[in-house]
Amino acid sequence: MKPIDEQHIAEPGLVVLDITGGDEDTVRAVMAALEDRWATSGIGPVRRDPGEPGVRARIYADVLRPGRHGP
């Protein structure tokens with residue numbers, strides 16, 4: 001698995017989040033929590049990479065717009 005480097009976002013807006021977790025339920029719970037906070041692309045597909053532990057998903061979020069329950 002490639003390391004994730006911390007990056008500074010100069011202006012809030014659209015972000016892409018790659019989520020890695022031990023199981024599908026955990027990754028889906030994280031996507032649901034993000035959807036509550038921000039406007040997101042929704043709960044997307046979860047994938048397994050052969051030979052890599054855990055599962056992964058990608059979600060797009062607009063941190064300027066509130067999600068279902070707002071910030």
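Residues numbered from 1 in each chain as written. Predicted model: local features only at pLDDT ≥ 70, side-chain atom pairs only at ≥ 80, totals over all residues. Heavy atoms only, no water.

Chemist: So what about the overall build of the chain? Which residues, and what values?
Modeler: Counting its secondary structure elements, the chain contains one helix and three strands. Moving toward the C terminus, one meets the helices and strands of the chain in the order β-α-β-β. Across the 71 residues of the chain, 28% fall into the buried class. For the chain, restricting intrachain contacts to residue pairs at least 6 apart in sequence, the fraction spanning at least 24 positions comes to 58%. Working note: accessible area of the chain is about 5300 Å², and carbon and sulfur atoms make up 53% of it. (Helix = DSSP H or I, 4+ residues; strand = E, 2+ residues; numbered from the N terminus. Buried < 20%, exposed > 50% of the residue type's maximum accessible area, 1.4 Å probe, protein only. Contact = heavy atoms within 4.5 Å. Areas by Shrake-Rupley, 256 points an atom, 1.4 Å probe, with all protein chains shown as cover.)

Chemist: Describe the sheet that holds strand β3 (residues 55-66), listing the residues and the values that go with them.
Modeler: Strand order across the open sheet formed by three strands is β1-β3-β2, with antiparallel pairing between neighbours. A single partner strand is all that each edge strand has here, and the edge strands are β1 (14-21) and β2 (38-40). Along the sheet, successive strands turn relative to each other by an average axial angle of 40 degrees, direction set aside. Taken together, the eight bridges between β1 and β3 define a ladder with antiparallel strand orientation. Directly across from Asp18, in β3, lies its bridge partner Arg58. The sheet contacts of helix α1 (residues 24-37) involve β1, β2 and β3, and relative to β3 the element is tilted by about 10 degrees. (Pairing = 2+ DSSP bridges. Axes fitted to C-alpha atoms, helices over the stretch in contact; angles between N-to-C directions.)

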